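A look at the structure
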Amino acid sequence: MTCAYLAFTAKGLALAHKLAADCPGTVTRCGENGTTLADWTAAQFADALVFVGAVGIAVRAIAPHCRSKAADPAVVVLDECGRFAVPLLSGHLGGANALARRLAKVCGAVPVITTATDANGVFAVDEWAKRQHCAVAEPGRIKAVSGALLAGRTVYFASHWPIQGTPPAGVEPAADAAAADFALTLTPAENETALHIIPRVAVLGIGCKRGTPAARLAAAFAGFCAQTQLAPQSVIAAASIDLKKDEPGLAVFCRQQGWPLTFYGAEALRAAPGQFAHSDFVQSVTGVDNVCERAAVLAAGGPVWAHKWAYDGVTFAVALRPFAPDWRYNDE
């Protein structure tokens, strides 16, 4: 996590620099070099924001920008004496609670954590998801899981991966995955009512005809996800053959999705481990019998999850990066 620190006094600025030495980020003093509170907040709202000053100032500054718990960044306030660290926004999904604890350790502050699950010592499913590097598909359903635990009821989970360690108090495996309250899965359609925790471990291998526009790739990706039931949030990177390096549509598509795009030469693709679909035509054009599956495996370092899928001149495949979820999540 990279932070943006804003201080209002010389004393606060010194504390901000001390905090930034442990949790790196930019340090700014309000009023210097024309910096205004409103402009700084608007510019930094995609990052983790740390105000060194009064809570009221921070609340007024962030109020126009708050959207939802799924989209808002972590916001933490420390008084300039370093006595208290208060997470204001996105305590779990944005990591503000964890950030407040970390910053508190740096300066000896008391972390003031007010989220109900933390205050009551109850498992926080959204914070756990973040610690596992997962996406939460339906943030609105978090309150159903947390509310049940706070009321003393048992919640049931399902997972496509073994989870190391012992489940927290009040959390038990579901006898029937379809009845789970939350599920660790790449395919949320299997249980429509659960809170779905999506591991961000999928790498999309891509093949396409020359000149394929970004819009066609996006439409094909939507069809691919619908047919395979893959949660699109699971994809974190893409890969293809180096012959596609100059394809503007492919570059735009991946940039729109926020995916880094890796290219491999035919020789490297031929050396990819595993069994792959074979195409004589692709072999004749590229020098390798399959681009999408082999590229996905090389970039993921794991096995094929969805084999070659073709539509309108586009081919996709998915391979998975190693993933080892653990029940531990609040050890900071």
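Above this text you will find the structure in question.
Just so we're clear, the structure is a prediction, and the values are computed from it rather than from any experiment.

Rules used in this analysis
- Residues numbered from 1 in each chain as written.
- Predicted model: local features only at pLDDT ≥ 70, side-chain atom pairs only at ≥ 80, totals over all residues.
- Heavy atoms only, no water.
- Helix = DSSP H or I, 4+ residues; strand = E, 2+ residues; numbered from the N terminus.
- Contact = heavy atoms within 4.5 Å.
- Areas by Shrake-Rupley, 256 points an atom, 1.4 Å probe, with all protein chains shown as cover.
- Lys, Arg positive; Asp, Glu negative; His and termini not counted.
- Charge placed at Lys NZ, Arg CZ, Asp CG, Glu CD.
- Pairing = 2+ DSSP bridges.
- Axes fitted to C-alpha atoms, helices over the stretch in contact; angles between N-to-C directions.
- Phe/Tyr/Trp six-rings, centres within 6.5 Å; stacked < 30°, edge-to-face > 60°.
- Core = buried A, V, L, I, M, F, W, Y, C linked by side-chain atoms within 4.5 Å.
- Buried < 20%, exposed > 50% of the residue type's maximum accessible area, 1.4 Å probe, protein only.
- Parallel < 35°, antiparallel > 145°, perpendicular 65-115°, else oblique.
- Left-handed = near helix turned anticlockwise from the far one by under 90°.
- Nonpolar A, V, L, I, M, F, W, Y, C, P; charged D, E, K, R; others polar.
- Disulfide = S-S within 2.5 Å.
- 1 Å grid on protein atoms, 1.4 Å probe; cavity = no way out; pocket = protein on both sides within 12 Å on 5 of 7 lines; lining within 4 Å.
- Points joined across faces, edges and corners; volume = space filled by probe spheres on them.

**Quick notes on the overall build of the chain**
- From N to C terminus, the chain includes twelve helices and 16 strands.
- Long-range contacts, defined as pairs at least 24 residues apart, comprise 59% of the intrachain contacts of the chain with a sequence gap of at least 6.
- Of the roughly 15,200 Å² of accessible surface on the chain, a fraction of 54% belongs to carbon and sulfur atoms.
- In the chain, the 27 positive side-chain charges and the 27 negative ones have mean positions that sit 4 Å from each other.

**Things to note about the sheet that holds strand β1 (residues 3-7)**
- The six strands are arranged β2-β1-β3-β4-β5-β6 in an open sheet whose pairing can be described as mixed. Every interior strand has two partners, whereas the edge strands, β2 (25-29) and β6 (110-111), have only one.
- As paired elements, strand β5 (residues 84-89) and β6 share two bridges and run parallel to each other. By the bridge assignment, A85 is partnered in β6 with P111.
- Set on the sheet, helix α3 (residues 55-62) makes contact with β3 (48-52), β4 (75-78) and β5; between it and β5 the angle comes to about 20°.
- On top of the sheet, helix α4 (residues 96-107) reaches β1, β3, β4, β5 and β6; it is set at about 30° to β4, its chief contact.

**Description of the packing of aromatic side chains**
- Overall, the coordinates contain 17 aromatic pairs when judged by the stated rule.
- Members of the aromatic cluster, connected to one another through ring pairs, are F221, F224, F253, W259, W309, Y311 and F316.

**Re the nonpolar core**
- Counting residues in hydrophobic clusters, the biggest one holds 47 residues, and the most contacted among them are F182, I197, L204, F224 and F316.
- It is helix α8 (residues 214-228) that contributes the most residues to this core, six residues altogether.
- Dropping the residues within four chain positions of it, I197 is found in contact with V125, W128, A129, C134, A135, V136, F182, A183, L184 and T185.

**Things to note about the packing of helix α1 (residues 10-22) against α4**
- Following both chains from N to C, one finds α1 and α4 inclined at 115°, their axes separated by 10 Å at the closest point. As the angle between them shows, α1 and α4 are arranged roughly perpendicular. For the pair α1 and α4, the crossing hand works out as right-handed. The segment α1 lies against α4, with L15, K18, L19 and D22 engaging R102, L103, V106 and C107.
- Residue composition of the contact of α1 with α4, grouped by class: five nonpolar, no polar and three charged.

**Points about the state of the cysteines**
- Enumeration according to the criterion identifies zero disulfides in this entry.
- The cysteine C225 is free of any disulfide, with C254 supplying the nearest cysteine sulfur at 13 Å.

**Focus: the layout of surface pockets**
- Of the volumes computed, that of the largest pocket is approximately 400 Å³.
- Among the elements of the structure, β12 (202-208), β13 (235-241), α11 (280-286) and β16 (314-320) are those that each provide at least two residues to the lining of the largest pocket.
- With four residues, the single largest contributor to the lining of the largest pocket is α11.
- For the lining of the largest pocket, the class distribution of residues is nine nonpolar, seven polar and four charged.
- Within this model, the second largest pocket holds a volume of roughly 340 Å³.
- For the lining of the second largest pocket, the leading source of residues is strand β7 (residues 134-136), giving three residues.
- By residue class, the composition of the lining of the second largest pocket is nine nonpolar, three polar and three charged.

**Focus: unusual backbone geometry**
- Located in the positive-phi region is H133, a residue other than glycine, with phi close to 60°.
- Looking at the secondary structure, you find H133 in the loop between α6 (125-131) and β7.
- Of note, Q229 is a non-glycine position whose phi angle comes to about 65°, a positive value.

**Brief notes about the sheet that holds strand β11 (residues 195-199)**
- The strand order across the open sheet built from five strands is β7-β11-β10-β8-β9, with neighbouring strands paired in mixed fashion. The sheet terminates laterally at β7 and β9 (171-173), the two strands that pair on one side only. Within the sheet, the average angular offset between the axes of one strand and its neighbour, ignoring direction, is 25°.
- One ladder, built from three bridges, connects strand β8 (residues 155-159) with strand β10 (residues 182-184); its direction is parallel. Bridged to F157 within β10 is F182.
- Strand contacts of helix α7 (residues 142-150): β7, β8, β9, β10 and β11, with the helix running at about 130° to β8, the strand carrying the most contacts.

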